[in-house]
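Summary of structural features
Listed here are the chains, written in short residue letters.
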Amino acid sequence: VQLVESGGGLVQPGGSLRLSCAASGSIFSISQMGWYRQAPGNQRELVAAITSGGVTNYADSVKGRFTISRDNARYTVYLQMNSLKPEDTAVYYCNLDPGLASGIKYWGQGTQVTVSS
C-alpha cells in the first residue's frame, strides 16, 4: 500500500489549508485513516482519525478547526485545516490502519505545513 500526501505549504495565521492523502489499494475502504503530525523536537501525535464507517475523533488542540473526511470511491482522505496557528506548524503524515492481526500500518512520506506571518 502506498500513501501519497499533498496540499501542504506556507500559510499565514488564521488561514486554511486542505491536505489530501491518496491510497493505492482498495484496502483503503476497510481501513481506519489518520492524520498525524510531528514538529521539530516533538513526538509524532495524532491529529484526527476516521473509521471505515465515518466515525471521527480529533486531538483537543484542533477540535472545531480541523475536519477529517474520506472518499472511499477515490481512496482518498482529507484534512481541512482552518484558523491555522503557528503551533500547527509540523510535518503532517497520513496513516492507514487496516486492522490486521499483525498490527501492520502504513505511512505516507509527510507534507510540511508552516504557519507563519
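In what follows, the structure referred to is the one given above.
These numbers were taken from a predicted model, which means no experiment stands behind them. Counting restarts for each chain, with residues numbered from 1 along the sequence as it is written. Per-residue local features are limited, in this predicted model, to residues with pLDDT of at least 70; the limit for side-chain atom pairs, both in listing and counting, is 80 or more; totals at the level of whole chains, interfaces and linings are taken over all residues. Heavy atoms from the whole structure form the basis of all side-chain values; hydrogens and water molecules are not counted.

**Thoughts on unusual backbone geometry**
In this structure, Tyr-75 is a non-glycine residue whose phi angle is positive, near 55 degrees. Along the chain, Tyr-75 falls in the loop between strand S7 (66–71) and strand S8 (76–81). Of note, the phi angle at Ser-83 is positive, near 50 degrees, even though the residue is not glycine. For Ser-83, the position within the fold is in the loop between S8 and strand S9 (90–97). Strands are runs of DSSP state E lasting at least two residues, helices are runs of H or I lasting at least four, and both sets are numbered from the N terminus onward.

**Re the sheet that holds strand S3 (residues 17–23)**
We call two strands paired when DSSP finds no fewer than two bridges between them. An order of S1-S3-S8-S7 is seen for the four strands of this open sheet, with the pairing classed as antiparallel. If you trace the sheet from one side to the other, it starts and ends with strand S1 (3–6) and S7, each paired once. For this sheet the average axis-to-axis angle between neighbouring strands, irrespective of direction, equals 15 degrees. For S1 and S3, the ladder comprises four bridges, and the chain directions are antiparallel. Each axis is a line fitted through C-alpha atoms, and for a helix only the stretch in contact is used; angles between axes span 0 to 180 degrees, taken between their N-to-C directions.

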